[in-house]
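Each chain, letter by letter, is given below.
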Amino acid sequence: EVVVVGYGVQRRSDLTGAVGSVKSEDIVRANPTQPAKALQGQVSGMNIAKADSRPGSEYTIDIRGLSSMNYSNEPLVVIDGVMGGKMSTLNPSDIEKIDVLKDASATAIYGSRGANGVIIITTKKGVQGKTRIDYDGYVGVKVPAHIPKMMNAQKFYQTYTDVVVQDGGKAATFTDSEKAMVDSGNSTDWIDEITDPALQTSHVVAISGGNEKTTHYFSAGYLNEKGNIIQTAFEKYNLKGSIDSKLNNVVKVGFTSYYTYSIQHLGSGEAIRGAFRARPTGTIKYNDLQQADVAKDRDWNGYAVWMGINDNQVMSPIVEADSENYQDETRVSSFLGNIYLELEPIKNLTFRSALSVSTYNSRNGYFAGPYTKTRNFKDPEASNSFSANGSYTWDNIVTYKLKTGKNDLTLTGVTSAMKDRVETSGTSVQNLPYDSEWYALGTASSITEVSSRIIERTLLSYMGRINYSFDNKYLITLTGRADGSSVLAPGHKWDFFPSAAIAWRAGEEDFIKHLDIFSDLKVRLSYGVVGNDVVPPYKTQSLMGRTVYDFNAAPAYGFASKSLGNKDLSWEKSREINFGLNMGFLRNRIILDAEFYNRKTDGLIQEVKLPTSTGYSAATANVGKLLNRGLELTLNTVNFQGKDFRWTTSINFSTNHNEIVELYGGTVTRDIDNKLFVGESLKSHYYYKFDGIWQTAEAETAKKYGQVPGSVKVVDRVNKDANSPKISSNVDEDDRTVLGNELPSWLGGMTNSLYYKDFDFSFFVYTRQGVMFRNAMLQGTMGELGSNRYNRLNLNYWTTTNPTNDYFGVAASNPYREAIQYQDASFWRISDITLGYSLPQSILSKIKFNRVRAYVQVSNPFVFTDFISMDPEYNSSAYKDDVPSVIFLFGLNISL
């Protein structure tokens, strides 16, 4: 198996670094709309999570933990040699393979750009032979599912007329329309009203082929992913083309291009939150209101805007979600291109010059009309913002290969120059005279903002690598790269980053072979240093900002320094050691790969708080140290192999320990405001520990703490004085503690694939364990009984007649309710189940097809978790989101 390792390829058996790979069949197996989804649970050491459930939303990725406190931890993405491209622009069907470089030895080849790991994507190319046409497509439906249960009208009414009042809460005032709803036994499910089953379909056609001199590959793709919230959608169009041509024995040329155009309609972010908040006693249609409530409401296209409720905080979600009232549209045009010239003037010596370009241009249009919470019957507001991102990279690569006897040597030298440029501009207005969306901003009576910005950064690099193998048993890789970055301070822009790796293919030794245990055995050890210039440009300079001042008793605008530049800002450096073990048993029917790594990052770039007397709030400096240590295991097995039946399993497991070693140059051990603590992980939660609910029998003790039965009890860690107990948060007596963090303690994925004659069946299980979130839904209005304004999650609330410890109830004093919001967000998910059937070769030969396969698939059918939310993978507040769904698909794979 050949693996892309950066500026070249290697056989997997010759690897000395830690590299994970996912092949085409595994990428498309689950029909992901985003390539990042295909990596989730497939490569050990990768933590991948979706940002939300809206159509077209992207995923966050980190490899082997977080290495930056304030800035991006995203890995470098290399697409057909184009660095810095967006993975989300690709069609998964166009991808041949994804290789993930994880340790410092493997990533060092990319220098500072690979400090957070590298994802190398190789798209499909043409192969010599008859022209081939492939079609991959599916059509299906997304059905809303896994939605938290809310109170119905009857329970909501009973809770606030009986239970809440009984426990000292304020009685709700219900209108005639609401009482009629309750008495009728009906209830309004607002979430159901603004969501529907939605279409999801994808179609890709590819043409490939070539002869001994020239090969080609062209494809066109279309994706349509509707949102479950009405009138939301994501559409994407892809065009790909590549040609590789050997002009003669010396010269080879080629190009790859990839164009994507997408349209994302998100609508009002308030719609889904409003659906969770809206009282189930509300009325949908204006004509269904009771006569007494008609005058208090408003009619919009037959819908009751205020739903017949004496409260104007939540507008009808149906009205809010309609595209006539609210639009949020993003259009993106992106291009990736790579052109190369390769010369082989003498045998084994090649020179390759490649120019890569990447553009990513987006336009966001926003419009909110009078019938939205944002405007609340004022004239519309709108905005139009543009972003143009363009970059180029010019690589020149010299490679020399020498093989004599048992010696195999490869020398690689690289120069690389990169420039990135981002321009943004935007205009926001209010009080538009008519509903013109964002196309007539000049007609507005009020211009609220006009902005424009440019950001540029450059990087120049020189790299050398030596790969040496002796007797196909003893392997060594030496790499050195010098990077110069424009974003760092003068005198600190350049640095050198070396790495070394060795490997012993012990399985090739005679004394190992005679043991008759291993069919493969390789031991690897690597050490490397990588740098990171993750800081945004211009942090080394003191920037100016506009300010208002008094000029002869009249207000005027001027400029003043708004940020403090750091003239010593330098590289963030990570030193990583990696020990790897590759083992095969039973003729490689069992393959186990293990990695142990320890990475220390110092000179960590942080925002350091400054005394207000300096006139600044913070400055950027190299003042932190961080540790990441972990274990990764990958197990591939052929469980059964017979004439007609085959069963394979792939399992991966990874754990990472993240720890802050030093803060702000060692001046402090904790920064409570930013939740940073020496000895603890990034993204830690610091608060009082939940200890149940105060019960009626504990009323006297609760009173000493200033609380009452029904309120949240927390652990008194410091002050144990029974006569005068207290919960403290001062420096000397702090009852708060680190409860957990948002980084998983371990991740796992398991794929089972079964084949019987022409049938195939597979299912994938994914888990993330040890994550703690402060539950965003419980932070909001849906997680307590204190106010009768909004609907509530249907939880097991404490009352005097239901003395539970599950959840607090109505309490006059409940200062520590936040403690119950910190929840374990661990989960197990059956991600997808697929059943397929392929036509046998006897039929294919008659109809002149290479392959015809039909399949059915269900995605996300089961999620097992105790986390109270729409999806435990991310912490949704039900704002700017969509409901989760189960997806049912029917697909075809055809080749001729």
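Structure shown above.
Read on for an overview of the structure.

About the criteria used
- Residues numbered from 1 in each chain as written.
- Predicted model: local features only at pLDDT ≥ 70, side-chain atom pairs only at ≥ 80, totals over all residues.
- Heavy atoms only, no water.
- Helix = DSSP H or I, 4+ residues; strand = E, 2+ residues; numbered from the N terminus.
- Rg over C-alpha atoms; globule rule 2.2 N^0.38 Å.
- Buried < 20%, exposed > 50% of the residue type's maximum accessible area, 1.4 Å probe, protein only.
- Contact = heavy atoms within 4.5 Å.
- Areas by Shrake-Rupley, 256 points an atom, 1.4 Å probe, with all protein chains shown as cover.
- Lys, Arg positive; Asp, Glu negative; His and termini not counted.
- Charge placed at Lys NZ, Arg CZ, Asp CG, Glu CD.
- Patch = residues over 30% accessible without salt bridge, like charges linked within 9 Å, V, L, I, M, F, W, Y side chains within 5 Å.
- Salt bridge = Lys/Arg side-chain N within 4 Å of Asp/Glu carboxyl O.
- Axes fitted to C-alpha atoms, helices over the stretch in contact; angles between N-to-C directions.
- Left-handed = near helix turned anticlockwise from the far one by under 90°.
- Nonpolar A, V, L, I, M, F, W, Y, C, P; charged D, E, K, R; others polar.
- Pairing = 2+ DSSP bridges.
- Core = buried A, V, L, I, M, F, W, Y, C linked by side-chain atoms within 4.5 Å.

Some thoughts on the overall build of the chain
A tally of regular secondary structure across the chain gives 13 helices and 43 strands. For 896 residues, the compact-globule estimate of 2.2 N^0.38 gives 29 Å, and the C-alpha radius of gyration of the chain, at 30 Å, lies within 12% of that figure. Reported as C-alpha extents along the three principal axes, the dimensions of the chain are approximately 95 × 75 × 70 Å. A burial count over the chain gives 53% of its 896 residues as buried. Taking contacts inside the chain between residues at least 6 apart in sequence as the whole, the part at least 24 apart equals 69%. Entry remark: accessible area of the chain is about 39300 Å², with carbon and sulfur atoms responsible for 54%. Counting 93 positive and 97 negative side-chain charges, the chain places the centres of these two groups 5 Å from one another.

Some words on a negative patch on the surface
There is a patch of like negative charges on the surface, built from Asp189, Asp192, Glu193 and Asp196. Position of Asp189 among the secondary structure elements: in the loop between α5 (176-183) and α6 (190-194). Classification of Asp189 as partly exposed rests on a relative accessible area of 44%.

Remarks on the packing of helix α4 (residues 153-166) against α5
Here α4 crosses α5 at 115°, and the two axes come no closer than 9 Å. For the pair α4 and α5, the sense of crossing is left-handed. Residues Ala153, Gln154 and Tyr157 of α4 pack against Lys179, Met181 and Val182 of α5. Here the residues of the contact of α4 with α5 sort into four nonpolar, one polar and one charged.

As for the environment of Gly308
Relative to the assigned elements, Gly308 resides in the loop between β16 (303-304) and α9 (317-321). Residues Gly308 and Pro55, spaced 253 residues apart in sequence, show a C-alpha to C-alpha distance of 32 Å. If near-sequence neighbours (up to four positions away) are discounted, Gly308 is found in contact with Thr175, Ser177, Glu178, Leu289, Asp293 and Asp297.

So, a nonpolar patch on the surface
A surface patch of nonpolar side chains, amounting to about 870 Å² of accessible area, comprises Leu411, Ile466, Ile476, Leu478, Ile502, Leu525, Tyr527, Ile577, Phe579, Phe596 and Leu631. Sorting the residues of the nonpolar patch by element identifies β22 (474-485), β24 (518-532) and β27 (572-585) as the ones contributing at least two each. Tracing the sequence through the fold places Phe579 in strand β27. Taking relative accessible area as the criterion, Phe579 reaches 39% and is therefore assigned partly exposed.

Here's the deal with the environment of Val738
Relative to the elements of secondary structure, Val738 occurs in strand β36 (residues 737-741). The class for Val738 is partly exposed, based on a relative accessible area of 24%. Along the sequence, Val738 and Ser681 sit 57 residues apart, while their C-alpha atoms lie 9.5 Å from each other. Aside from chain neighbours lying at most four places away, what touches Val738 is Phe677, Glu680, Ser684, His685 and Tyr686.

Some points on the pairing of strand β28 (residues 590-609)
Pairing of β27 with β28, which is carried by 13 bridges, proceeds in the antiparallel orientation. Residue pairing in the sheet places Lys573 in a bridge with Asp602 of β28. Following β27, the chain reverses through four residues before pairing antiparallel with β28; Leu586 in that reversal takes a positive phi of roughly 50°. In this structure, β28 lies alongside strand β29 (residues 618-641), joined through 18 bridges in antiparallel fashion. When the bridges of β29 are listed, Arg599 appears paired with Asn628.

Points about the sheet that holds strand β7 (residues 82-83)
Strand order in the open sheet formed by five strands is β3-β8-β9-β6-β7, with mixed pairing between adjacent strands. The open sheet is flanked by β3 (19-23) and β7, the only strands paired with a single partner. Across two bridges, strand β6 (residues 76-79) lies against β7 in antiparallel orientation. Bridged to Val78 within β7 is Met83.

Quick notes on the pairing of strand β8 (residues 95-101)
Across the seven residues that make up β8, a large majority, six, are buried. As paired elements, β3 and β8 share five bridges and run antiparallel to each other. Residue pairing for β8: Ser21 is matched across the bridge by Asp99.

A short note on the nonpolar core
By size, the foremost hydrophobic cluster in this structure holds 51 residues, and its most contacted members are Phe276 and Leu793. Looking at this core element by element, the count peaks at four residues for helix α7 (residues 270-277). Leave out the neighbours within four places in its chain, and Leu793 touches Pro148, Lys149, Met150, Met151, Met777, Leu778, Met782 and Ile868. Core analysis: the second largest hydrophobic core is formed by 23 residues, Leu39, Val43, Ile95 and Tyr258 among them.

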